[in-house]
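Below, each chain spelled out in residue letters.
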Amino acid sequence: MSGFTQNDQVAINTIRALAADVVGKANSGHPGAPMGMAPVAHVLFSRFMNFNSKNPKWINRDRFVLSNGHACALQYILLHLAGYKVSMDDLKSFRQIDSITPGHPELGVTDGIEVTTGPLGQGISNAVGLAIAQAHMGAVFNKDNFSLIDNYTYVFTGDGCLQEGVASEACSLAGHLKLGNLIAIYDDNKITIDGDTAVSFTEDVEARFKSYGWEVLHVEKGDDDVAAIEAALKEAQKTKDQPTIINLKTTIGFGSLKQGGHDVHGAPLKKDDITQLKKKFGFNPEETFAVPQETYDIYNAAAEKGAKAEADWNALFKQYAEKYPKEASELTRRVEGRLPEGWEKALPTYTTSDAAVGSRKLSETTISKLAEVLPELVGGSADLTGSNLTRWKNAEDFQHPSTGLGSYAGRYFRFGVREHGMAAICNGIAAYGGLIPFGATFLNFVSYAAGAVRLSALSHLRVLQVATHDSIGLGEDGPTHQPVETAAWLRAVPNLAFWRPADGNETSASYLVSILSQHTPSVLAFSRQNLPQLANSSIEKAAKGGYVLEEVENADVTLVSTGSEVPLCLEAVNQLKSKGIKARLVSLPCFEVFETQSREYKLSVLPSGAPILSVEAYSTFGWGQYSHDHFGLKAWGASGPYDQVYKKFDLTPEGIAKRAEKVVSFYKKRGQPVFSPLISALDDISDE
């Protein structure tokens with residue numbers, strides 16, 4: 001390669017000037033990192049990246065992740081120059097309402113954005129997932145002379161990202177897995193929002209990554225030594241059995257009067273600063289958003305090279321399809337996001353004659369059945385495989401072949417004790433395409449992964465989190481492990497389905513809907529203790545998120561519950577019946593899915609006419625939308641055998657029946673109509 005010309009320097013300076021203009025026009029943002037990283041961004045996009053801006057979804061494109069959320073303007077500038085659907089007007093509307101250039105890159109908003117970043121550490125962790133997905137897909141589909149899936153994942157990261165714990169989790173695993181397709185460029189400018197990193201971050205990053213098993217390269221003059229940048233990237237590509245991090249020494253805000261300091265990190269440049277910067281770089285200070293034709297020419301050539309690469313790939317795939325029609329058909333199906341015909345028939349069904357077992361065991365059975373019919377289903381546990389019960393028979397581990405522990409074709413991941421990294425990596429796997437990932441831990445420790453779970457929902461990624469040990473029912477482990485509050489925050493996250501099945505049919509329904517929900521992540525909460533199979537449950541009913549389990553005419557009260565408390569409520573219904581109190585029972589395994597049902601259906605499940613009592617061994621927060629009275633926990637859990645813990649909090653059939661009697665008595669004394677809590681939520685007051 002090499003052969004850099006004055007036009008390359010013009011392009012680099014164009015990126016710097018555009019960064020100042022983009023952030024200045026928005027009067028918000030971070031100009032410093034884009035200005036400092038302009039040289040490496042230019043070298044990467046003009047000479048290394050394989051992409052087709054006219055088809056941003058080409059499966060074998062190189063992936064680019066901007067993990068450093070403070071450089072978000074840089075990504076939009078690069079997409080504009082490279083011919084993606086980011087116009088100059090879009091750059092001028094940076095950080096504005098409903099723009100395609102939001103404050104931080106979001107998957108699904110802008111063509112060319114691979115993952116949603118912004119919260120530091122998430123992007124580099126997503127990049128590990130993208131690299132894992134490529135390694136797996138390549139191992140499954142590549143044949144001799146047919147290297148169909150061989151793209152690289154490039155990620156820009158910074159001091160902030162590398163201080164986040166999630167980055168350490170993901171990068172440690174990446175080193176273990178020897179992901180040679182992953183290349184990180186570390187923007188070592190020694191500045192964070194608080195100032196010089198000397199105040200908080202003085203570790204030897206290169207030594208740290210060497211200890212992870214990464215190849216570590218170093219470029220001392222990242223501000224202008226484009227030949228050294230190019231050489232480092234070429235060296236990184238040669239390394240096949242290690243991820244690579246390039247320590248790139250840069251000056252934040254290069255060219256600004258404030259360069260090298262934290263003042264240029266998180267605020268627009270002053271007008272006089274922009275003027276001198278443009279003069280220094282050979283631009284007319286009176287012009288804004290200027291791009292010389294020679295810069296467009298360089299990036300047009302890169303886009304044309306990428307279009308040719310895809311055309312060559314399509315020709316190769318045609319030959320592949322002739323020789324390997326079955327594999328070609330399977331790859332096409334996966335890339336298009338279609339599920340195998342009739343896959344749902346593998347879901348197990350249950351009757352009351354089947355044994356009572358913990359729903360984590362029911363989950364294991366379901367995963368085992370699905371693994372046979374959904375080859376795109378991949379996943380694993382955060383060092384709790386034997387407790388989460390997520391590994392199916394004959395599963396192969398995803399490992400570098402040299403370890404003798406598995407291969408890249410393996411579908412089961414050993415995430416280690418890395419809950420947050422696991423969830424963030426799963427986001428990257430889902431974003432790659434062609435795979436449906438799941439992670440697993442105890443429900444309480446999904447809280448450790450909260451940042452990544454939130455981004456699953458924001459990114460509309462189909463990621464499943466298998467969360468066992470779902471309540472005070474785990475018993476002796478005590479309050480540290482009992483997720484009293486976890487369900488409330490998961491239910492509050494937009495576009496996230498939290499499932500808590502009560503038996504086998506509901507467990508199958510939770511997997512059915514989660515896998516069909518292509519743009520919604522799910523957390524599936526399963527019990528440790530045994531649960532009986534319910535007489536009136538079915539996959540079809542539970543798939544609506546809520547349904548009537550026991551109906552009675554002219555009911556005095558409706559009990560609504562989830563998971564392991566449903567059978568307790570069923571016993572309470574029978575006790576109430578013996579006392580002359582008619583009680584209905586509703587199972588509501590998933591609020592999110594129930595909310596998508598019609599008004600008529602929801603009111604048939606939770607109607608007016610009688611009070612509604614919710615019962616759940618969690619905080620009662622959030623139940624006001626469905627019930628008049630809420631019976632649950634007002635404290636942390638307790639340590640002891642699970643049945644004794646339930647008894648301590650009066651969550652027994654007797655305790656539930658007693659509470660229901662009080663509710664019935666209270667509402668009868670009022671002598672007023674009892675309207676479903678859904679009425680106010682469903683009424684369209686905008687027409688009044």
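By the naming in an unreviewed UniProt entry, the protein goes by Transketolase and is assigned to Kwoniella bestiolae CBS 10118. Here is the UniProt Function (unreviewed entry) comment for the protein, exactly as written: "Catalyzes the transfer of a two-carbon ketol group from a ketose donor to an aldose acceptor, via a covalent intermediate with the cofactor thiamine pyrophosphate." Annotation of the protein in UniProt includes, under Catalytic activity (unreviewed entry), the sentence "D-sedoheptulose 7-phosphate + D-glyceraldehyde 3-phosphate = aldehydo-D-ribose 5-phosphate + D-xylulose 5-phosphate".

Q: Could you give an account of the sheet that holds strand E13 (residues 497–499), naming the residues involved and the relevant values?
A: Hydrogen bonds between backbone atoms are what pair the strands of a sheet, whose relative direction is either parallel or antiparallel. Reading across from one edge, E10-E9-E11-E12-E14-E13 is the order of the six strands in this open sheet, with parallel pairing throughout. At either end of the open sheet lies a strand with only one pairing partner, and these are strand E10 (412–414) and E13. Direction aside, the axes of adjacent strands within the sheet are offset by 20 degrees on average. With three bridges joining them, E13 and strand E14 (residues 522–525) adopt parallel strand pairing. Among the inter-strand pairings, Trp-499 is bridged to a residue of E14, identified as Leu-524.

Q: Account for the nonpolar core, with residues named and values stated.
A: Within the largest apolar cluster, 76 residues are counted, with the highest numbers of intra-cluster contacts made by Tyr-511, Leu-559, Leu-606 and Leu-651. Inspection of this core shows a minimum of three residues originating in each of domain 2 (345–531) and domain 3 (546–670). Beyond its immediate stretch of four places on either side in the chain, Tyr-511 contacts Leu-347, Ser-363, Thr-366, Ile-367, Leu-370, Leu-464, Val-466, Leu-524 and Phe-526. Met-35, Leu-78, Leu-217 and Val-219 belong to the second largest nonpolar core, which has 68 residues in total.

Q: Before we move on, can you summarise unusual backbone geometry with the specific residues and values?
A: Phi angles above zero are rare outside glycine, and Arg-95 is one such case at about 70 degrees. You will see that Asn-495, though not glycine, has its phi angle at about 60 degrees, which is positive. You can see Asn-495 is positioned in the loop between helix H18 (486–492) and E13.

Q: Describe the side chain of Thr-250, listing the residues and the values that go with them.
A: Note on placement: Thr-250 falls in the loop between strand E7 (244–249) and helix H11 (271–280). Judged by its relative accessible area of 9%, Thr-250 falls in the buried class. A polar contact of 2.4 Å, which involves the side chain of Thr-250, links it to the side chain of Asp-187.

Q: Lay out the UniProt feature "binding site: substrate" (unreviewed entry) in the protein in plain terms, naming residues and giving numbers.
A: As annotated by UniProt and renumbered to match this structure, "binding site: substrate" (unreviewed entry) occupies His-30, His-265, Arg-360, Ser-387, His-469, Asp-477, His-481 and Arg-528. These residues run over 499 residues, and the two farthest C-alpha atoms among them are 49.1 Å apart, placing them at more than one spot. Locating Arg-360 in the fold gives a position in helix H14 (residues 359–373). Here Arg-360 falls in the buried class, since its relative accessible area comes to 18%. With residues up to four places along the chain from it excluded, the contact list for Arg-360 reads Ser-387, Asn-388, Leu-389, Thr-468, His-469, Phe-526, Ser-527 and Arg-528. Among the structural elements, His-469 can be located in the loop between strand E12 (464–468) and H18. Among all residues touching His-469, those that are not within four sequence positions of it are Arg-360, Ser-387, Phe-442, Leu-443, Leu-474, His-481, Pro-483, Phe-526 and Arg-528.

Q: Give a detailed account of the environment of Ser-614, specifying residues and quantitative values.
A: Relative to the elements of secondary structure, Ser-614 occurs in strand E19 (residues 612–619). Judged by relative accessible area, Ser-614 falls into the buried class, the value being 1%. Taking the C-alpha atoms as reference points, Ser-614 and Leu-162, 452 residues apart in sequence, are found 44 Å from one another. The contacts of Ser-614, once residues within four sequence positions are left out, are Val-560, Trp-623, Ser-627, Asp-629, His-630 and Phe-631. Within the structure, the side chain of Ser-614 is placed 3.0 Å from the side chain of Ser-627, a separation counted as a polar contact.

Q: Which residues make up the sheet that holds strand E18 (residues 583–587), and what are the values?
A: In spatial order, the strands read E16-E18-E17-E19-E20; together these five strands make up an open sheet with mixed pairing. If you trace the sheet from one side to the other, it starts and ends with strand E16 (547–550) and strand E20 (629–633), each paired once. Each neighbouring strand pair of the sheet contributes to a mean axis angle of 30 degrees, computed without reference to strand direction. Against the sheet, helix H21 (residues 565–578) makes contact with E16, strand E17 (557–561), E18 and E19, and its axis sits at roughly 170 degrees relative to E18, the strand it touches most.

Q: Please set out the environment of Glu-235 residue by residue, giving values where relevant.
A: Mapped onto the elements, Glu-235 comes out in helix H10 (residues 226–238). By relative accessible area, which is 35% here, Glu-235 ends up partly exposed. Contact partners of Glu-235, with chain neighbours within four places excluded, come to Glu-215 and Leu-217.

Q: So, the side chain of Glu-419: which residues are in play, and what are the values?
A: The residue Glu-419 is located in helix H16 (residues 419–432) in this model. For the buried Glu-419, no salt bridge exists, and the shortest N-O distance to an oppositely charged side chain is 9.1 Å, to Arg-418. Not counting residues up to four positions away in its chain, the partners in contact with Glu-419 are Glu-169, Ala-382, Thr-441, Phe-445, Tyr-448 and Ala-449.

Quick notes on the rules
- Residues numbered from 1 in each chain as written.
- Predicted model: local features only at pLDDT ≥ 70, side-chain atom pairs only at ≥ 80, totals over all residues.
- Heavy atoms only, no water.
- UniProt positions renumbered as here; feature names shortened; annotations may be inferred.
- Pairing = 2+ DSSP bridges.
- Helix = DSSP H or I, 4+ residues; strand = E, 2+ residues; numbered from the N terminus.
- Axes fitted to C-alpha atoms, helices over the stretch in contact; angles between N-to-C directions.
- Core = buried A, V, L, I, M, F, W, Y, C linked by side-chain atoms within 4.5 Å.
- Buried < 20%, exposed > 50% of the residue type's maximum accessible area, 1.4 Å probe, protein only.
- Domains from an automatic or database assignment.
- Contact = heavy atoms within 4.5 Å.
- Polar contact = N/O pair within 3.5 Å; in protein donor to acceptor, adjacent residues only side chain to side chain.
- Lys, Arg positive; Asp, Glu negative; His and termini not counted.
- Salt bridge = Lys/Arg side-chain N within 4 Å of Asp/Glu carboxyl O.

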